[in-house]
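So you can see what is in the structure, the chains are spelled out below.
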Amino acid sequence: MRQRVEIQRLPDGYALKNGRRLLNFSDNDYLGLSFYPQVIQAAQEALTTYGAGAGASRLVTGNHPLYTQLEQELAQYKGTEDALVFGSGFLANLGVINGLIPQEDVILADRLIHASLVDAIKLSGVKFQRYRHNDMQHLRQLLEKSARCCWIITESVFSMDGDLAPLAEIQALAEEFGAMIIVDDAHGFGVLNPFTSPLASRVREREVSETPSPEIALRQFRPLPEGEVRRIIWTGTFSKAAGSYGGYVCTTKAQIEQMVNKARSLIYTTGLPPSVVAANLAALRIIRVQPELTALPLHHARLFDPQAQSAIVPVIIGTEEAALAAAKMLEEAGFLVPAIRPPTVPAGTSRLRFTFSAVHRAEDIARLRAIVKEVTS
Ligand SMILES: *Cc1c(COP(=O)(O)O)cnc(C)c1O
């Protein structure tokens, strides 16, 4: 049974559960921005200036001035012509698929994409096929067999495995077969961003060379001509590294305009509260200018597991019962780590999912590492 357990997150990387302070290795607030003073202050000021709610859909009266600023700066950061902010990452994924993909096309999706993308695909009614996780040969076979226009859908950083999509190879395939690509960057944004957006990477080459993970840069980054870059549509969320709430799609002006007119998850829902948009704008500005902060989650993940490719590190346990028991033992030792079970992950691969944040301390990660070794041996 899934349950709603009462938990209070604290600013210092801890969380309160059943009255106990536990070290929190289980949420996606990778940079600690949900408690960052500038983010909170921006939200407070917007509350006072613009009120508690948006009042209506963005297409009616809900499109307050902060939206324009956020979308402009986000597009700049992602290196796209334009951006569109949705109510959440889930709604953005519904919107991009419903708003952009014609009925007669075909979707080719990585087997491990997020549930929101799966639901969006099913709702769209567009024909779809799954390719084996990160299996480029399988993807090529499906592209070869398809007579229709194809849309490849992947995540940049896979949410339950923490591994990366081979974006450069996907891009080359898309170019060869004239396909489009939708990349859900929910777990890359603010953590691996310079690596996952080729166009943005070009702007920020200096930062890339300063980050501690050149091998990821090599795998992800390949400068491309403008036309090629436009095959990629980015979606993502402000609910993870940005520390607040909301989702986005970054792509060409023409496609953004098409979504404004067609995406039902944008049109038929109320705009985000202005304070949330203000928090997102403040968070984005911090992410843009503080590469030393955004490098920390991966750095911390690698203190736990030197092979880590992102801020997410799974430890596969096997059965649901064993994963739950391991999570319970960790909790008794003072660490909050979720056991992830089917249907979120395939049967037999129940796991502990560790997420690392900028606010964690090296000595706590070392203790965690020692205890996990004990619990899983
Ligand atoms: C969390 C997540 C989403 C949903 O984002 P929300 O803003 O929480 O709705 C979408 N895709 C992926 C890969 C995610 O991890």
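Here is what the cut-offs are and how they apply
Residues numbered from 1 in each chain as written. Predicted model: local features only at pLDDT ≥ 70, side-chain atom pairs only at ≥ 80, totals over all residues. Heavy atoms only, no water. Helix = DSSP H or I, 4+ residues; strand = E, 2+ residues; numbered from the N terminus. Buried < 20%, exposed > 50% of the residue type's maximum accessible area, 1.4 Å probe, protein only. Areas by Shrake-Rupley, 256 points an atom, 1.4 Å probe, with all protein chains shown as cover. Lys, Arg positive; Asp, Glu negative; His and termini not counted. Charge placed at Lys NZ, Arg CZ, Asp CG, Glu CD. 1 Å grid on protein atoms, 1.4 Å probe; cavity = no way out; pocket = protein on both sides within 12 Å on 5 of 7 lines; lining within 4 Å. Points joined across faces, edges and corners; volume = space filled by probe spheres on them. Contact = heavy atoms within 4.5 Å. Near = heavy atom within 4 Å. Polar contact = N/O pair within 3.5 Å; in protein donor to acceptor, adjacent residues only side chain to side chain. Nonpolar A, V, L, I, M, F, W, Y, C, P; charged D, E, K, R; others polar. Pairing = 2+ DSSP bridges. Axes fitted to C-alpha atoms, helices over the stretch in contact; angles between N-to-C directions. Salt bridge = Lys/Arg side-chain N within 4 Å of Asp/Glu carboxyl O. Phe/Tyr/Trp six-rings, centres within 6.5 Å; stacked < 30°, edge-to-face > 60°. Lys NZ or Arg CZ within 6 Å of the ring centre and 35° of its normal. Arc of directions from axis to C-beta.

Colleague: Please clarify how the overall build of the protein should be interpreted in this entry.
Modeller: Across its full length, the protein carries 18 helices and 14 strands. Burial statistics for the protein: of 377 residues in total, 58% are counted as buried. Here the protein has roughly 16,400 Å² of accessible surface; of this, 53% comes from carbon and sulfur atoms. With 38 positive and 39 negative side-chain charges, the protein shows a separation of 3 Å between the mean positions of the two kinds.

Colleague: Whenever I open this one, empty space enclosed by the protein confuses me. Can you help?
Modeller: Gaps between atoms show up when a probe of the same size as a water molecule is rolled over them. For the structure on display, the rule yields four cavities of 30 Å³ or more. Here the largest cavity defines a volume of roughly 130 Å³.

Colleague: Sorry if this is basic, but what is going on with the side chain of Thr154 here?
Modeller: Among the secondary structure elements, Thr154 is positioned in strand S7 (residues 150-155). Residue Thr154 is classed as buried on the basis of its relative accessible area, which comes to 0%. Beyond its immediate stretch of four places on either side in the chain, Thr154 contacts Asp110, Ile113, Tyr131, Ala165, Leu167, Ile170, Ile182, Val183 and Asp184.

Colleague: Looking at this model, I keep getting lost on the site of the ligand. Mind explaining?
Modeller: Around the ligand sit 15 residues, and of these Asp184, His187, Thr237, Ser239 and Lys240 come closest. Between the ligand and the protein, one listed contact pairs an oxygen atom with a backbone N or O atom of Phe90 at 3.0 Å. In isolation the ligand offers 380 Å² of accessible surface; the protein chains occlude 87% of this area. Broken down by element, the shell around the ligand gets its largest block of residues, three residues, from helix H3 (residues 89-100). Here the shell around the ligand is composed, by residue class, of two nonpolar, ten polar and three charged.

Colleague: So what exactly am I meant to see when it comes to the sheet that holds strand S8 (residues 180-184) here?
Modeller: Either a parallel or an antiparallel arrangement is found when strands of a sheet pair, and the pairing is made through backbone hydrogen bonds. Strand order in the open sheet formed by seven strands is S4-S10-S9-S8-S7-S5-S6, and the pairing between neighbours is mixed. Either end of the sheet is taken by a strand with one partner, and the two such strands are strand S4 (82-86) and strand S6 (127-131). Averaged over neighbouring strand pairs, the angle between their axes works out to 20 degrees when direction is ignored.

Colleague: What is the right way to look at the pattern of salt bridges in this model?
Modeller: Two side chains bearing opposite charge may form a pair once their charged atoms approach each other closely. Across all of its chains, the model carries 17 salt bridges by this definition. The closest approach of N and O atoms between Arg285 and Glu73, which form a salt bridge, is 2.6 Å. Note that Arg285 is positioned in helix H14 (residues 274-289) and Glu73 in helix H2 (residues 65-78), a separation of 212 residues in sequence. Given a relative accessible area of 15%, Glu73 falls into the buried group.

Colleague: So what exactly am I meant to see when it comes to the packing of aromatic side chains here?
Modeller: The geometry of an aromatic ring pair is captured by two quantities: the separation of the ring centres and the angle between the planes. The full count for this structure, using the stated rule, is eight aromatic pairs. Between Phe189 and Tyr248 the ring centres are 5.4 Å apart and the planes differ by 55 degrees, which places this aromatic pair in the tilted class. With a gap of 59 residues between them, Phe189 in the loop between S8 and helix H7 (193-196) and Tyr248 in strand S10 (residues 247-251) connect regions that are remote in the sequence. Through pairs of rings, three or more aromatic residues link up here, namely Phe25, Phe304, Phe335, Phe354 and Phe356. Directly above the aromatic system of Tyr14 lies the positively charged group of Arg21, at a separation of 3.9 Å from the ring centroid.

Colleague: Whenever I open this one, helix H5 (residues 136-145) confuses me. Can you help?
Modeller: For an α-helix the count is 3.6 residues per turn, leaving residues at separations of three or four pointing the same way. Along H5, the residues classified as buried are Met136, His138, Leu139, Leu142 and Leu143. The buried residues of H5 occupy an angular sector of 160 degrees when the element is viewed end-on, so they sit on one face. Relative to its buried face, H5 has exposed residues pointing more than 90 degrees away, namely Gln137, Glu144 and Lys145. Among the structural elements, strand S5 (106-110), S6, S7 and helix H6 (167-177) are those in contact with the buried residues of H5. Here H5 starts with a cap whose side-chain oxygen sits 3.1 Å from the backbone nitrogen of Gln137, and that cap is Asp135.

Colleague: Is there a simple way to think about unusual backbone geometry in this case?
Modeller: Working note: non-glycine residues mostly have negative phi, and peptide bonds are mostly trans. A cis geometry characterises the amide bond from Pro342 onward to Pro343, with omega recorded as 5 degrees. Considering the arrangement of structural elements, one finds Pro343 in the loop between strand S13 (339-340) and strand S14 (350-355). With a phi close to 50 degrees, Asn18 is a non-glycine residue in the positive phi region. Mapped onto the elements of the fold, Asn18 is located in the loop between strand S2 (14-17) and strand S3 (20-24). Asn18 sits in the exposed class, given a relative accessible area of 66%. Notably, Asn134 is not glycine yet its phi reads approximately 55 degrees, a positive angle. With respect to the helices and strands, Asn134 occurs in the loop between S6 and H5.

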